[in-house]
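Chain and residue survey
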Amino acid sequence: MRKRLCSALLCLAMAAVMLAGCGSKEKSADSAPDADKSDTKTSDTNELVMGVSSSVTNLNKHLESMKEGWLMLGALYDELYMKTESETRYYLADSVEVSDDGMTVTLKLKDKLKWHDGEAITADDIMFTLDVNADPDNGAGYANAVYIGDKPVAYKKMDDLTVQITLPEPSASYVTILGRLPLLPAHVYDNDTDIKARSEENLKGIGSGPYKLKAFKSGEYLELERFDDYYGDRPSIDKVVYKVIPDTSAQEVALQKGEINFMEISSQTAADMYKGDKDVTVHSFPEGRVNYLACNKFSDTFSDPKVKEAIFAALDREEIVKGAYGADMGTAANTIFSNATQYYDKDIKGYEQDTGKAEKLVKETGLDGRTLKLVYNQDRAFMKETALIVQQQLKDVGIRLEVEGMESNGFFDRVFGDASDYDLYFNGYGAFGDPDEVISGMFDGTWGINLEVSDGQMDLWKQGRAAADDTQRAAIYRELQEKAKEDMSVYPIAYPNYVFAASSSLQGADALQTNPVFEDYTKLSFK
């Protein structure tokens, strides 16, 4: 069961843009209904045409884990609700209530909701979706909606709109996690939970969002049109098209020609290029991610804790972010929580550079006579640039560093295991929303086993998960952020930003700064 949970949680983390290489293995198809009728070129100013670097292979959000896939399917499926520290924004759900003891969650849908094929959305669809994620063999990625740790939740239908969920133990984060669950139509799958085997149904794209499927050609485009029976505000934009353009330069040309009016920006150079263009607006907001440096506890190098102290004292995160990221692409990190994590404390001081201390510790520990090895994921933005700056900063205090870039799959196999043939590595994790949703998995052994985490820190993770009161959770998580710094579990380097260029006529792009964009497509319009 733990293997099943780790796999499913990994896919969820990818939805928070954490890892690469955990894509769906769903059989690829070249077309969906009406695929031959699509025209991906548009001159209609009331169409949002978004350039994306890769394509979904199916239209079932539960089987999609890659960043581009979550973007492309966002308008097809609505969440139940989105819970933040300050508010709960309801979509398919009418209400969610938690019992005083924190053990019972009652979820009620809005009345008269419809799937894109006109069938009613009911409690049966909630039950089916939970059953899907309780199936250990179907590839669904929301196991944490049906498990607290490795203990299953119990759920039952109360009426046509209401489901009651009983937790095996209190979990303050469960309500937040449940809200992001996209429902699946039970009638389309004939209540068969083996969704991975239902290739035809996975291409129908029968969803609940403001836009419905018009045409899909895998590897080329996904075209959506307004769903007129949508329960919420009527979308202002007629069509949303996701146009697959793998090459960034080709996306830039398409944006200049007006063939697309949205593209993600991945470098400061690109962001600067558009700043003087009156027809294009550059948007930037926290991605909800932490990029960090970690020390491999299985390396003999760190048998002396002063070695880690020396390395951390040698680094200047502000200089790293300025040189590797740029002003728009990220900010220096101060804790293991991101600036988009609930209970993040901006007042906690991050590690500060002290080259005098570092030089002294280098001599004390004998680091000046050794060469350390750092590995990084070469498929991730900013990692190579960061490695070169860190290499120089360590050299300045007498530490020789060898750096090695690796492809995603080999990188994660190596750093999430017990290999001892390297000393340091760069990685990043999704950190948007509740800290128990993804971040805890980085430190409690869910993702890997090579970080040093004290018993005191582990206890704080458990306390934060169980506490029901927001004020109490905030206090626990502040202490936890301080404790992680004391433990030197990781060296948080940067909070990357999600940056995109869009037509200046697009309104509402900054209304809800969530990742992936956009949480609510009905807030978008063209002026």
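Residues numbered from 1 in each chain as written. Predicted model: local features only at pLDDT ≥ 70, side-chain atom pairs only at ≥ 80, totals over all residues. Heavy atoms only, no water.

**Quick word on the sheet that holds strand E4 (residues 93-98)**
The strand order across the open sheet formed by 4 strands is E4-E5-E9-E8, and the pairing between neighbours is antiparallel. The sheet terminates laterally at E4 and strand E8 (154-159), the two strands that pair on one side only. Here the strands of the sheet are splayed against their neighbours by 20° on average, with no regard to which way each runs. Where E8 and strand E9 (residues 162-166) come together, 5 bridges link them in antiparallel fashion. From the neighbouring strand, Tyr-155 faces E9, where its bridge partner is Ile-165. (Pairing = 2+ DSSP bridges. Helix = DSSP H or I, 4+ residues; strand = E, 2+ residues; numbered from the N terminus. Axes fitted to C-alpha atoms, helices over the stretch in contact; angles between N-to-C directions.)

**A look at the packing of helix H14 (residues 455-466) against helix H15 (residues 470-487)**
At their nearest, the axes of H14 and H15 sit 9 Å apart, and the two run at 160° to each other. The pairing of H14 with H15 is recorded here as roughly antiparallel in orientation. Crossing angle aside, the handedness with which H14 passes H15 is left-handed. Where H14 approaches H15, its residues Gly-456, Gln-457, Leu-460, Trp-461, Gln-463, Gly-464 and Arg-465 are matched on the opposing element by Arg-473, Ile-476, Tyr-477, Glu-479, Leu-480, Lys-483, Ala-484 and Asp-487. A per-class count over the contact of H14 with H15 returns 6 nonpolar, 4 polar and 5 charged. (Parallel < 35°, antiparallel > 145°, perpendicular 65-115°, else oblique. Left-handed = near helix turned anticlockwise from the far one by under 90°. Contact = heavy atoms within 4.5 Å. Nonpolar A, V, L, I, M, F, W, Y, C, P; charged D, E, K, R; others polar.)

**Some thoughts on the pattern of salt bridges**
Applying the stated criterion across every chain yields a total of 29 salt bridges. Glu-201 is paired through a salt bridge with Arg-198; the nearest N and O atoms lie 2.9 Å apart. Note on Arg-198: relative accessible area 14%, which makes it buried. Measuring nitrogen to oxygen at the nearest pair gives 2.8 Å for the salt bridge that ties Arg-473 to Asp-434. Of this pair, Arg-473 sits in helix H15 while Asp-434 sits in the loop between strand E19 (424-430) and helix H13 (439-443); the two residues are 39 residues apart in sequence, bridging distant segments of the chain. Each member of the pair, Arg-473 as well as Asp-434, is classed as buried. By sharing partners, the salt bridges in this structure join Glu-47, Lys-214, Glu-223 and Lys-239 into a single network. (Salt bridge = Lys/Arg side-chain N within 4 Å of Asp/Glu carboxyl O. Buried < 20%, exposed > 50% of the residue type's maximum accessible area, 1.4 Å probe, protein only.)

**Here's the deal with helix H3 (residues 123-134)**
For H3, with 12 residues, the first-to-last C-alpha span of 17 Å sits near the 16 Å given by 1.5 Å per residue. Within H3, 9 of the 12 residues are buried, leaving the element largely enclosed by the surrounding structure. Three or more residues of H3 are buried, namely Ala-123, Asp-125, Ile-126, Met-127, Phe-128, Thr-129, Leu-130, Val-132 and Asn-133. (Expected span 1.5 Å × (residues − 1).)

**A word on unusual backbone geometry**
Positive phi outside glycine occurs at Lys-112, with the angle close to 65°. Mapped onto the elements of the fold, Lys-112 is located in the loop between strand E5 (104-109) and H3. Of note, Met-488 is a non-glycine position whose phi angle comes to about 55°, a positive value.

**Re the packing of aromatic side chains**
Inspection of every chain in the model, using the stated rule, returns 29 aromatic pairs. For the pair Tyr-343 and Tyr-477, a centre-to-centre distance of 5.4 Å together with 25° between the ring planes defines the contact as stacked. With Tyr-343 in the loop between strand E16 (330-332) and helix H10 (355-365) and Tyr-477 in helix H15, the pair connects residues that are 134 residues apart, well separated along the chain. The same class applies to Tyr-343 and to Tyr-477, which are both buried. The structure contains a cluster of three or more aromatic residues connected by ring pairs, namely Tyr-292, Phe-337, Tyr-343, Phe-411, Phe-412, Phe-416, Tyr-422, Tyr-425, Tyr-429, Phe-443, Trp-461 and Tyr-477. (Phe/Tyr/Trp six-rings, centres within 6.5 Å; stacked < 30°, edge-to-face > 60°.)

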